[in-house]
Amino acid sequence: MGSPITTCINTNNNLHYLRLAVESVRRNAYYKDQPIIIYAENCTDGTDEWLEENAQSLDLTYFLEKNEIPKGIGGGMDFCVSKAETEYVNIIHSDMWI
(Lines give C-alpha, C1' and ligand atoms only; values in the text may rest on other atoms or scores of the structure.)
Protein backbone atom coordinates (compact mmCIF):
# COMPACT_ATOMS: atom_id res chain seq x y z
CA MET A 1 0.00 0.00 0.00
CA GLY A 2 1.32 3.42 -0.93
CA SER A 3 1.30 6.58 1.08
CA PRO A 4 -2.16 8.03 1.80
CA ILE A 5 -0.72 11.56 1.81
CA THR A 6 0.94 13.89 -0.70
CA THR A 7 3.06 16.88 0.27
CA CYS A 8 2.32 19.96 -1.85
CA ILE A 9 4.85 22.78 -2.06
CA ASN A 10 4.40 26.11 -3.80
CA THR A 11 7.57 28.10 -4.45
CA ASN A 12 8.94 31.27 -6.00
CA ASN A 13 12.68 32.02 -5.99
CA ASN A 14 13.36 30.14 -2.78
CA LEU A 15 15.70 27.41 -4.04
CA HIS A 16 17.93 27.19 -0.97
CA TYR A 17 14.98 26.51 1.31
CA LEU A 18 13.09 24.38 -1.22
CA ARG A 19 16.01 21.92 -1.24
CA LEU A 20 15.83 21.72 2.56
CA ALA A 21 12.04 21.28 2.54
CA VAL A 22 12.26 18.36 0.12
CA GLU A 23 15.12 16.83 2.12
CA SER A 24 13.08 17.15 5.32
CA VAL A 25 10.08 15.32 3.86
CA ARG A 26 12.25 12.51 2.54
CA ARG A 27 14.17 12.22 5.82
CA ASN A 28 11.60 12.98 8.54
CA ALA A 29 8.06 12.36 7.31
CA TYR A 30 6.26 9.23 8.48
CA TYR A 31 5.77 8.22 4.83
CA LYS A 32 9.23 8.95 3.47
CA ASP A 33 8.23 7.80 -0.01
CA GLN A 34 5.09 9.92 -0.18
CA PRO A 35 4.46 11.86 -3.38
CA ILE A 36 5.78 15.43 -3.41
CA ILE A 37 4.25 17.88 -5.85
CA ILE A 38 5.99 21.22 -6.41
CA TYR A 39 4.53 24.20 -8.22
CA ALA A 40 7.25 26.71 -9.18
CA GLU A 41 6.06 30.01 -10.58
CA ASN A 42 8.17 32.69 -12.25
CA CYS A 43 11.43 31.44 -10.74
CA THR A 44 14.68 33.07 -11.85
CA ASP A 45 17.03 31.69 -9.17
CA GLY A 46 17.77 28.26 -10.65
CA THR A 47 14.72 26.50 -9.18
CA ASP A 48 13.44 25.35 -12.57
CA GLU A 49 16.80 23.89 -13.51
CA TRP A 50 17.24 22.21 -10.10
CA LEU A 51 13.83 20.58 -10.38
CA GLU A 52 14.54 19.34 -13.91
CA GLU A 53 17.90 17.89 -12.80
CA ASN A 54 16.74 16.31 -9.51
CA ALA A 55 13.09 15.34 -9.94
CA GLN A 56 13.79 11.75 -10.84
CA SER A 57 16.33 11.02 -8.11
CA LEU A 58 14.14 12.69 -5.45
CA ASP A 59 10.89 11.27 -6.86
CA LEU A 60 9.26 14.68 -7.35
CA THR A 61 6.41 15.78 -9.55
CA TYR A 62 6.79 19.40 -10.52
CA PHE A 63 5.10 22.05 -12.61
CA LEU A 64 6.88 25.15 -13.91
CA GLU A 65 4.98 28.21 -15.02
CA LYS A 66 5.80 31.70 -16.20
CA ASN A 67 2.74 33.87 -15.67
CA GLU A 68 2.20 37.56 -16.36
CA ILE A 69 -0.49 37.49 -13.72
CA PRO A 70 0.92 35.23 -10.99
CA LYS A 71 -1.23 32.63 -9.28
CA GLY A 72 0.59 33.47 -6.04
CA ILE A 73 0.72 31.32 -2.92
CA GLY A 74 -2.99 30.45 -2.78
CA GLY A 75 -3.37 29.78 -6.48
CA GLY A 76 -0.19 27.73 -6.57
CA MET A 77 -1.35 25.61 -3.65
CA ASP A 78 -4.76 25.08 -5.24
CA PHE A 79 -2.96 23.89 -8.38
CA CYS A 80 -0.76 21.47 -6.40
CA VAL A 81 -3.69 20.03 -4.47
CA SER A 82 -5.63 19.53 -7.70
CA LYS A 83 -2.80 17.27 -8.93
CA ALA A 84 -2.66 15.08 -5.79
CA GLU A 85 -4.07 11.58 -6.12
CA THR A 86 -3.97 10.59 -2.45
CA GLU A 87 -6.72 10.85 0.15
CA TYR A 88 -4.84 13.49 2.16
CA VAL A 89 -2.52 16.40 1.38
CA ASN A 90 0.08 18.13 3.48
CA ILE A 91 0.51 21.76 2.41
CA ILE A 92 3.86 23.30 3.24
CA HIS A 93 5.75 26.37 2.08
CA SER A 94 9.15 25.96 0.51
CA ASP A 95 10.82 27.39 3.61
CA MET A 96 9.37 24.85 6.05
CA TRP A 97 11.11 21.89 7.68
CA ILE A 98 9.23 18.68 8.49
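Here the structure is shown first, and the text comes after it.
Here is a short report on the structure shown in this document. From a predicted model like this one, the values you see are computed outputs, not experimental measurements. Each chain carries its own residue numbering, running from 1 in the direction its sequence is written. Given that this is a predicted model, residues contribute local features only at a pLDDT of at least 70 and side-chain atom pairs are listed and counted only at 80 or more, while totals for whole chains, interfaces and linings are drawn from all residues. The basis for every side-chain value is the complete set of heavy atoms in the structure, and neither hydrogens nor water enter the calculation.

## Section: the pairing of strand β2 (residues 36-41)
At step 1: Burial analysis of β2 places six of its six residues in the buried class, which makes it a mostly covered element.
At step 2: Neither face of β2 is open: one carries I36, I38 and A40, the other I37, Y39 and E41, and all of them are buried.
At step 3: One bridge is not enough; two strands pair if DSSP finds at least two bridges between them. Counting from the N terminus, the helices are the DSSP runs of H or I reaching at least four residues and the strands are the DSSP runs of E reaching at least two. Here six bridges tie β2 to strand β3 (residues 60-65), and the two strands are oriented parallel to one another. Its bridge partner lying in β3, Y39 is registered against F63.
At step 4: In this region the chain leaves β2, passes through helix α2 (residues 47-58) and returns to the parallel neighbour β3; the handedness of that crossover is right-handed. Per-residue accessibility, obtained with a 1.4 Å probe over protein chains only, is compared with the maximum for each type, and a residue is labelled buried under 20%, exposed over 50%, and partly exposed between these values. With the strands pointing away from the viewer, any crossover whose connection runs clockwise from the first strand over the helix to the second is right-handed.

## Quick look at the layout of surface pockets
At step 1: Only protein atoms enter the 1 Å grid used here, on which a cavity is any set of points holding a 1.4 Å probe that cannot leave and a pocket is any open set flanked by protein within 12 Å on both sides along at least five of seven lines; residues with an atom within 4 Å of a point are listed as lining. Grid points are joined across faces, edges and corners, and a volume is the space filled by probe spheres set on the points. Estimated volume of the largest pocket: approximately 160 Å³.
At step 2: Taken together, N10, T11, N12, N14, E41, N42, P70, G72, I73, H93, S94 and D95 make up the lining of the largest pocket.
At step 3: If you list the elements that add at least two residues to the lining of the largest pocket, you get β1 (5-11) and α3 (72-83).

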